[in-house]
Amino acid sequence: MRIVKVFDTTLRDGEQMPGVSMPPFYKVQIARALDRLGVDVIEAGFPSASKGEFESVKTIASLGLNSEICGLARIIREDIDSAIKADVDMVHIFTPTSRIQIEYTLKLSYDEILARSIECVEYIKSHGLKCMFSAMDATRTDFEFLKKIYKAVEEVGVDVVNIPDTVGVATPFRFYELVKKLREDLRVEMDVHCHNDFGLAVANTYAAVLAGANEVQVTVNGIGERAGNASLEQVVMILHSIEGIKTNIKTELLFDTSKLVERLTGIKMPPNTPIIGENAFSHESGIHAHGVLKETSTFEPGILKPEMVGHRRRIVIGKHAGRYQIKRILEDSGYSVGEEALNKIFEKVKEMGDKGKKVTDRDLFTIAEIVLGEIMTDKRAVEVDEITVITGNKVTPTAVVNAKVFGDKRVASAIGVGPVDASLKAVLQLVGGKMQIREFKLDAITGGSDAIAEVYITVEDESGNIFTSRGASQDIVMASFDAVINAVNFLLRGRKK
Ligand code: KIV
Ligand code: ZN
């Protein structure tokens, strides 16, 4: 079975993304996550770029991870020495090779570039380290020179040659041809590094693998210079699921790794991002959700399932919701709905959707409860008697909640960064502190200071069950409090003390 290696450059090219700059502590967390994920090589940074960068690379190299640690360097002795001092396993050297980049950035002749590259590879190899060589802007480089320089470094023992599409101008067919032609002349391991200026980074990387590349250079979430790099998650899943080509990636960790990188870089992925986006396995429209509830591969690829990448499937209730979908969601939550009730519930959901309102899970259950005449109040696990919230410029925001939980009187208190935070924390404490707020959204505040505030809260319990609930009040604290109590009550349904 064919295995393709994964070279991750999230900490180097990914960090070159405008707006991303991570303290060493964050980089260490990401390096550990990449190691757990199973990437073969972690490009930890560009050690000569700054003192801080040197320290981060050195720290990552000292962690004893299974992944090999690589440092980037120009074809300059000081750069290479800095990488060697940082104790990396591999030095990745690069030089411009296209006429335009040589003319405007390097000002060396082709022969000088060739000679320096050979010298640098020999120098790195004489230190017993692995060496990767990149001909920067390879896709705009004269082919004969490209072949010549790759052959020259191969002859002096380079371990891997990388073919970068530095400005993202390759297309899958052309890149396939380029890699194939180079593959015919080179024995050395071949890696590709694609940028996403035309949205083709993943497609080009995939084409290169089909043409014979045995390593892919990628970043988590596709972050990187300008429009970014090829996304690790997409490339890996295309190889695994479509081509049956393996990598050493533990695919079930992809979602969590992506979330960690989102958090630590501050770059959030749009909901429709393949593989790891919030909507990647969400179904809203009636026909699709109906199909998926019966057999998931009706409206999903089948060869790509949420559990394969550590994600989850979601059925979203919206104005496209179908009867079957609503019935199934209600029945899964313990409501038995006959034909007449279902029609009424369905009409109300449509009405809300047409008014542009989000129909949360809680809305659907409230509608169902009203329609079915099953007012659930007496069955609620948490019955609040009193909530007191104190805030001000000289006091730490504090909330105290008195409530009955499964009939037992309890009091919980918490402090927070503000009154809302304090009251949410107090509620979570009231029910044992194992649930977590996953999302908080304040919506629809219009008009004056007495206008209605609408709060959406998503809570997750210790088993990973998720519930989104809404609260509305003229008081933001009470809107938030009602929303969290509803969510907690829903998640506790059916449980005993
Ligand atoms: O895009 C590029 O060419 C690079 C090189 C350093 C490989 O990032
Ligand atoms: Zn790059």
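Residues numbered from 1 in each chain as written. Chains lettered and ligands numbered in written order. Predicted model: local features only at pLDDT ≥ 70, side-chain atom pairs only at ≥ 80, totals over all residues. Heavy atoms only, no water.

### A look at the site of ligand 1
In step 1: Close to ligand 1 lie Arg12, Asp13, His92, Phe94, Ser134, Met136, Asn162, Pro164, Thr166, His193 and His195.
In step 2: Separating an oxygen atom of ligand 1 from a side-chain N or O atom of His195 is a distance of 3.0 Å.
In step 3: Out of a free accessible area of 260 Å², ligand 1 has 94% covered by protein chains.
In step 4: Contributions of two or more residues to the shell around ligand 1 are made by strand S4 (90–96), strand S5 (130–136) and strand S6 (160–165).
In step 5: In terms of residue class, the shell around ligand 1 is made up of 3 nonpolar, 6 polar and 2 charged. (Near = heavy atom within 4 Å. Polar contact = N/O pair within 3.5 Å; in protein donor to acceptor, adjacent residues only side chain to side chain. Areas by Shrake-Rupley, 256 points an atom, 1.4 Å probe, with all protein chains shown as cover. Helix = DSSP H or I, 4+ residues; strand = E, 2+ residues; numbered from the N terminus. Nonpolar A, V, L, I, M, F, W, Y, C, P; charged D, E, K, R; others polar.)

### Concerning a nonpolar patch on the surface
In step 1: On the surface, Phe440, Leu442 and Ile476 cluster together into a nonpolar patch covering about 230 Å² of accessible area.
In step 2: Here Phe440 shows up in strand S14 (residues 436–443).
In step 3: Overall, the relative accessible area of 36% leaves Phe440 in the partly exposed class. (Patch = residues over 30% accessible without salt bridge, like charges linked within 9 Å, V, L, I, M, F, W, Y side chains within 5 Å. Salt bridge = Lys/Arg side-chain N within 4 Å of Asp/Glu carboxyl O. Buried < 20%, exposed > 50% of the residue type's maximum accessible area, 1.4 Å probe, protein only.)

### Concerning the packing of aromatic side chains
In step 1: Under the counting rule described, the total for this entry stands at 5 aromatic pairs.
In step 2: Where Phe46 meets Phe94, the ring centres are 6.1 Å apart and the plane angle is 75°; that geometry is what we call edge-to-face. Here Phe46 is found in the loop between strand S2 (41–45) and helix H2 (51–61), whereas its partner Phe94 is found in strand S4, with 48 residues between them in sequence.
In step 3: A relative accessible area of 18% means that Phe46 is categorised as buried.
In step 4: On the numbers, 4.0 Å between centres and 20° between planes, the contact of Phe467 with Phe490 is stacked. Linking Phe467 in strand S16 (residues 466–473) with Phe490 in helix H16 (residues 476–492), this pair joins segments that are 23 residues apart in sequence.
In step 5: In this structure Phe490 comes out as buried when scored by relative accessible area, which is 17%.
In step 6: The ring centre of Tyr123 lies 3.7 Å from the NZ or CZ of Arg77, which sits over that ring.
In step 7: The ring of Tyr324 is capped by Lys294, whose NZ or CZ atom sits 5.3 Å from the centre of that ring. (Phe/Tyr/Trp six-rings, centres within 6.5 Å; stacked < 30°, edge-to-face > 60°. Lys NZ or Arg CZ within 6 Å of the ring centre and 35° of its normal.)

### Regarding the coordination of the zinc ion (ligand 2)
In step 1: Surrounding the zinc ion (ligand 2) are the protein donor atoms Asp13 (OD), His193 (NE2) and His195 (NE2), which sit 2.0 to 2.1 Å from the metal.
In step 2: Taking the relative accessible area as the measure of exposure, His195 reaches 4% and is therefore buried. (Donors = N, O, S within 2.8 Å, 3.2 Å for Na, K, Ca; no water.)

### Notes on the pattern of salt bridges
In step 1: For the coordinates displayed, the defined rule picks out 23 salt bridges.
In step 2: Close ionic contact of Lys147 with Asp185 constitutes a salt bridge, the shortest N to O distance being 3.5 Å. Of this pair, Lys147 sits in helix H6 (residues 143–155) while Asp185 is found in helix H7 (residues 172–185), placing the two residues 38 residues apart along the sequence.
In step 3: Salt bridges sharing common partners tie together Arg12, Asp13 and Glu43.

### What about the domain arrangement of the protein?
In step 1: Taken domain by domain, the protein comprises domain 1 (5–265), domain 2 (282–375) and domain 3 (379–495).
In step 2: Between domain 1 and domain 3, the C-alpha centre-to-centre distance is 47 Å. (Domains from an automatic or database assignment.)

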